[in-house]
Amino acid sequence: MADTKYIFVTGGVVSSLGKGIISASLGKLLQARGYSVTIQKFDPYINVDPGTLNPYEHGECYVTIDGHEADLDLGHYERFLNVPTTRANNITTGRIYQSVIEKERKGDYLGKTVQVVPHITDEIKRNVKLLGSKYKFDFVITEIGGTVGDIESLPFIESVRQLKWELGKNCICVHLTYVPYIAAAKEYKTKPTQHSVKQLQELGIQPDILVLRTERKLSTELLRKVALFCNVAEEAVVQSVDVPTIYEVPLVLQQQKMDETVLRKMGLEVGPTPEMIAWNEFLQKKISATETVKIGLVGKYVELQDAYKSIDESLLQAATYNDRILELHMLHSEKITDANVAEQLRGMDGLVIAPGFGQRGIDGKFAAIRYARENNIPTLGICLGMQCMVIEFARNVLGLENANSTEMDVKTPYKVIDLMEEQKNVTNMGGSMRLGAYDCNLKKGSKAYKAYKKESIQERHRHRFEFNSEYRDQFEAAGMKCTGENPDTNLVEVVEIPELNWFVGVQFHPEYSSTVVSPNPLFVSFVKAAIDNKK
Ligand code: GLN
């Protein structure tokens, strides 16, 4: 395609409407037509990246292959498109200002007063176009975080206005709003949508397509009314009704020909409707499953819906490919003790021990791991979860009393998990962990090898601490084997107890690379073991 096409996705009325899912679904539909598509997220907050944010603030922190700590929407983009994202796909106000201020200090602005318009907006525009010019995507979909009218998103919205003006037909704006149902009046209300569009128009942007989020189906009459009041063509008003799974959203949009409307508006040929065979096979499997698999996720953020987003989705994908309905139980690690662990884990076919930081809830993880190990329950430990498996084994099998990670106890007599050498002089907390994809070699015959079906893999990381190799022989002699390691540094990446049915801990995060059409093999293998355990 000659010119890259730019699609902006903005939101109004309320937050949490699912701009990320709409962006990913539209991206999927365009990709299915043979275009190369990437999706980018702009977050209007001042943090340089979400890596230093607490899950209570921002849900899961996603990690890209090139080691960027990113917004969890990038996880949706990858799960839908099956194409890796990079640092260029997630930009915050903090990053924009950091770069402008660096240029100012270097003297790049040649004595000019540095201002929001044009300097900040130019930097925003440069970051939008970079994906088109440098990476040559056919479509760049840019999701603007927050809701229109927020003070902090104004420079982003102004940049969209300028780009629409500069790029003409090569740029459109999709605006997502909410149509509430007022039970007392028994009516759907379009006024919030009208106000939201007006607000966008006041900022100089006429949306080209409207997506109305709604709990139940809206009438054609109502859609027509919205079109008339908002200056948007009737066929360009699309509704997004709640569906049982987010993976059905592309089909909902396809039925309303949203992708065709996009192509027409951008002067591209429409052509035949793509079939999306692999995608539909996944959905078909999901719908046809009748039996369940019960997985317990042991972590301390279980009350937060988004804290373990990628793990939840990986488990769902793995269960689906194993022809099972996922029954996910969030088990609060602070509430698990040696005394109640049997009760808490009752009926679980498999356990995932969650990643995390710090002391809170750690004893519950040890109790769950011990119970799983002694009762041969298939268990997958991820990052801190793997480290906890190592500590539990040290304490209860090797008899190393008070063995610990130096993250939890700097004075522990047995530092079985210790700070990585290169982390020892780190003082800045932002973006300074061991981040991104690294090579890992798997031992032939191990559970991990059998899952991946190859010796050399790459998975993403986000940690400061590591398995202390001084203890390696002691662990191996007692039955916990190191079955995966980094070929360059020998850092232990995978531990497992071969004697048990399926008991594997990984220092990396397999959940970041699991997608709808390409589920992560380790999760698939773990869920299969959980199903076998049930039998
Ligand atoms: N806190 C541990 C470390 O930094 C584990 C991190 C994680 O689970 N992502 O090594």
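A brief report on the enclosed structure follows.

Thresholds applied
Residues numbered from 1 in each chain as written. Predicted model: local features only at pLDDT ≥ 70, side-chain atom pairs only at ≥ 80, totals over all residues. Heavy atoms only, no water. Helix = DSSP H or I, 4+ residues; strand = E, 2+ residues; numbered from the N terminus. Rg over C-alpha atoms; globule rule 2.2 N^0.38 Å. Buried < 20%, exposed > 50% of the residue type's maximum accessible area, 1.4 Å probe, protein only. Contact = heavy atoms within 4.5 Å. 1 Å grid on protein atoms, 1.4 Å probe; cavity = no way out; pocket = protein on both sides within 12 Å on 5 of 7 lines; lining within 4 Å. Points joined across faces, edges and corners; volume = space filled by probe spheres on them. Salt bridge = Lys/Arg side-chain N within 4 Å of Asp/Glu carboxyl O. Core = buried A, V, L, I, M, F, W, Y, C linked by side-chain atoms within 4.5 Å. Pairing = 2+ DSSP bridges. Axes fitted to C-alpha atoms, helices over the stretch in contact; angles between N-to-C directions. Parallel < 35°, antiparallel > 145°, perpendicular 65-115°, else oblique. Left-handed = near helix turned anticlockwise from the far one by under 90°. Expected span 1.5 Å × (residues − 1). Arc of directions from axis to C-beta.

What follows covers the overall build of the chain. Within the chain, the regular secondary structure consists of 18 helices and 23 strands. For the chain, whose C-alpha radius of gyration is 25 Å, the value lies close to the compact-globule estimate of 24 Å for 535 residues. Its C-alpha atoms give the chain principal-axis dimensions of about 75 × 65 × 45 Å. For the chain, buried positions account for 59% of its 535 residues. Across the chain, every contact between residues at least 6 apart in sequence was considered, and the portion connecting residues at least 24 apart equals 72%.

Turning to the layout of surface pockets, a few remarks are in order. In this approach, a probe sized like a water molecule rolls over the atoms, and the result shows the empty space that is left. For the largest pocket, the calculated volume is near 1,300 Å³. Lining the largest pocket are 45 residues, with Ser16, Gly18, Leu72, His76 and Asp306 sitting closest to its centre. Residue assignment for the lining of the largest pocket shows that the elements contributing at least two residues are α1 (19-32), β2 (37-43), α2 (55-58), α3 (73-81), β11 (237-241), α12 (309-321) and β13 (325-332). Approximately 630 Å³ is the volume attributed to the second largest pocket.

This paragraph deals with the pattern of salt bridges. Per the stated rule, a full pass over the model turns up 35 salt bridges. As a salt-bridge pair, Asp306 and Lys309 come within 3.9 Å of each other at their nearest N and O atoms. For Glu392, the salt bridge goes to Arg373, with nearest N and O atoms at 2.8 Å. One end of the pair, Glu392, is in helix α15 (residues 384-396); the other, Arg373, is in helix α14 (residues 362-374), with 19 residues separating them in the sequence. Counted as one network, the salt bridges with shared partners bring together Lys41, Asp43, Asp71, Asp73 and Glu143.

Counting 93 residues, the largest nonpolar core has Ile7, Leu30, Phe139, Val262 and Leu315 as its most contacted members. The leading source of residues in this core is helix α18 (residues 521-534), at seven residues. Setting aside chain neighbours within four positions, we find Leu315 in contact with Ile295, Leu326, Leu328, Val352, Phe523, Phe526 and Val527. Residues Leu351, Met386, Cys388 and Met389 belong to the second largest nonpolar core, which totals 40 residues.

Strands in a sheet are paired, the pairing made by backbone hydrogen bonds, and the direction either parallel or antiparallel. Here seven strands make up an open sheet; going across it, the order is β5-β2-β6-β1-β7-β10-β11 and the pairing parallel. The open sheet has two edge strands, β5 (90-92) and β11, and neither has a second partner. Averaged over all pairs of adjacent strands, the angle between their axes in this sheet comes to 20 degrees, without regard to strand direction. Relative to the sheet, helix α7 (residues 191-202) contacts β1 (5-11), β7 (171-178) and β10 (209-214), its axis offset from that of β7 by approximately 145 degrees.

Relative to the helices and strands, Leu29 is located in helix α1. Taking C-alpha positions, Leu29 is 9.9 Å from Phe80, a pair spaced 51 residues apart along the chain.

Where α7 meets helix α8 (residues 220-230), the closest approach of the two axes is 10 Å, and the angle between their N-to-C directions is 25 degrees. Taken together, the axes of α7 and α8 lie roughly parallel to each other. For the crossing formed where α7 meets α8, the hand is right-handed. Facing Thr193, Gln194, Val197 and Gln201 of α7, the residues of α8 in contact are Lys225, Val226, Phe229 and Cys230.

The next thing to look at is α7. Taking 1.5 Å of rise per residue, the 12 residues of α7 would be expected to cover 16 Å, and the 16 Å separating its terminal C-alpha atoms lies within 8% of that figure. Every buried residue of α7 is listed here: Thr193, Gln194, Ser196, Val197 and Leu200. All buried residues of α7 lie within an arc of 165 degrees about the axis, which places them on one face of the element. Seen from the buried face of α7, the exposed residues on the opposite side, beyond 90 degrees, are His195 and Glu202. Contacts from the buried residues of α7 go to β1, α6 (154-167), β7, β10 and α8. The positive-phi residue at the C-terminal boundary of α7 is Gly204, with phi of around 95 degrees.

Purely spatial values, then, with no claim about function.
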